[in-house]
Amino acid sequence: MRPINASSQLRAQSAKIAELTREVERLNHCVARLTARLDSITARLNQIGGSSLTATEKAKPKGKSSELKNRITAAFSLLKNNYQDARAIRPAVPRGGMQAWIDELRGRGLAMPIAGADPEKLKGHFYASRGGGKRTHHAVDIMAPRRTPVLAVEDGRVARMNFNSLGGLTVYQVDPSEKFVYYYAHLDSYVPGMKAGDYVTKGQLIGYVGTTGNAPESCPHLHFSINRLAENGRLNGGAPIDPYLIFSQPPAVADGRRSKFNT
């Protein structure tokens, strides 16, 4: 039996955060769809009281029509503002698209988090569906025997070490420029003595492959992802970047698939 690395209280809090994060993602998706209809609805509302009204519409009391228009307009205005606030936490994709970030990271010569792993086996992981098709993976799974060493892909600061219901034991590492976040999940355990705030170097041991969180017990692997640090400082929620495009040899190019992060 493996030692417990987190208190029950921390586990409960982490599970609640994960649940709330999934709910925010679902609501953001709904808001995006409704916002797409905002212009056409606003145009229709602007016709109320105008010459384009049907005879039935003209027969309605103007007071009620005006009140309805104001209520609907106010509701969609609030919805639009909330959607814009939600988008504001994510950094804009730079001119030149996602490829600019990929080129920058490739230029740093990031190390594979599992020594000797074949980058070509990571192709396609990023766009795989999860949660019954409710979300996109936005990460790669590197298969390896349990207790295989997990290495830091670059120099940087250990920003967070915690347990959550999906990722299990995890490490969030921020790069030296404080622009990118490297996420390591399903760890069996951390390297002894490491703590949040420590500075690690490229290739340094940070933990061991496991199956904590929602990983199948019979399938130990490292869940690894890269994303931009969100503009509000959150470690998750920033634009995700396909790790395969960083590690592939020869260099692969972003395939241009659209998502809420590169529209």
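Residues numbered from 1 in each chain as written. Predicted model: local features only at pLDDT ≥ 70, side-chain atom pairs only at ≥ 80, totals over all residues. Heavy atoms only, no water.

Caption draft 1: Inspection of the overall build of the protein chain at higher detail. Each helix and strand counted, the protein chain has six helices and 11 strands in total. As presented, the protein chain carries roughly 14500 Å² of accessible surface, and 55% of it is formed by carbon and sulfur atoms. (Helix = DSSP H or I, 4+ residues; strand = E, 2+ residues; numbered from the N terminus. Areas by Shrake-Rupley, 256 points an atom, 1.4 Å probe, with all protein chains shown as cover.)

Caption draft 2: Spotlight on the confidence of the model for the protein chain. Here the protein chain shows a mean pLDDT of 77. Residues at 70 or above account for 58%. Here residues 82–91 is modelled with pLDDT under 50, and outside its nearest four sequence neighbours on either side it reaches 23 contacts, counting other chains as well. Scored below 50 in pLDDT, residues 258–263 shows 14 contacts in the model against residues more than four places distant or in partner chains. (pLDDT = per-residue confidence, 0-100. Contact = heavy atoms within 4.5 Å.)

Caption draft 3: Spatial organisation of the pairing of strand β5 (residues 156–164). Both β5 and strand β8 (residues 199–200) contribute to a ladder of two bridges, which runs antiparallel. Of the residues in β8, the one forming a bridge with G156 is V200. With seven bridges connecting them, β5 and strand β6 (residues 168–174) associate as antiparallel partners. Along β6, the bridge assignment pairs V158 with Q173. The turn joining β5 and β6, which pair antiparallel and follow one another in sequence, is formed by three residues. (Pairing = 2+ DSSP bridges.)

Caption draft 4: Representation of the side chain of Q173 in the model. Counting through the fold element by element, Q173 comes out in strand β6. Residue Q173 is classed as buried on the basis of its relative accessible area of 1%. A distance of 3.5 Å separates the side chain of Q173 from the backbone oxygen of D155, its partner in a polar contact. A polar side-chain atom of Q173 sits 2.7 Å from a polar atom in the side chain of Y184. (Buried < 20%, exposed > 50% of the residue type's maximum accessible area, 1.4 Å probe, protein only. Polar contact = N/O pair within 3.5 Å; in protein donor to acceptor, adjacent residues only side chain to side chain.)

Caption draft 5: View of the nonpolar core. If you look at the biggest cluster of nonpolar residues, it comprises 37 residues, and the most contacted ones within it are Y182, Y184, L222, F224 and I241. Secondary structure elements with two or more residues in this core: α5 (98–107), β3 (140–143), β5, β6, β7 (180–190), β9 (205–209), β10 (221–228) and α6 (244–247). Of the residues forming this core, the biggest block, five residues, is contributed by β7. For F224, the residues in contact, after removing those within four places along its chain, are P113, A139, V140, V153, Y182, Y183, Y184, P243 and F247. Judged by nonpolar contacts, the second largest core, of seven residues, contains V174, Y183, A185 and L235. (Core = buried A, V, L, I, M, F, W, Y, C linked by side-chain atoms within 4.5 Å.)

Caption draft 6: Representation of the environment of N162 in the model. Inspection of the secondary structure puts N162 in strand β5. Taking the C-alpha atoms as reference, N162 lies 8.7 Å from Y172; in sequence the two are 10 residues apart. A distance of 2.6 Å separates the side chain of N162 from the side chain of T170, its partner in a polar contact.

Caption draft 7: Expanded view of the pattern of salt bridges. As enumerated under the stated definition, the model contains nine salt bridges in all. In this structure, the salt-bridge partner of R108 is D175, at a minimum N-O distance of 2.7 Å. Of this pair, R108 sits in the loop between α5 and β1 (129–130) while D175 sits in the loop between β6 and β7, and the two are 67 residues apart along the sequence. Look at the salt bridges and you will find they share partners, linking E104, R108, E154, D175 and K179 into a network. (Salt bridge = Lys/Arg side-chain N within 4 Å of Asp/Glu carboxyl O.)

Caption draft 8: Highlighting α5. Among the residues of α5, M98, Q99, W101, I102, L105 and R106 are the ones counted as buried. For α5, the buried positions fall inside an angular range of 160° around the axis, keeping them on one side. Tucked inside the fold, the buried residues of α5 contact β7, β10, β11 (240–241) and α6. In the stretch just after α5, G109 is the one whose phi turns positive, near 65°. (Arc of directions from axis to C-beta.)

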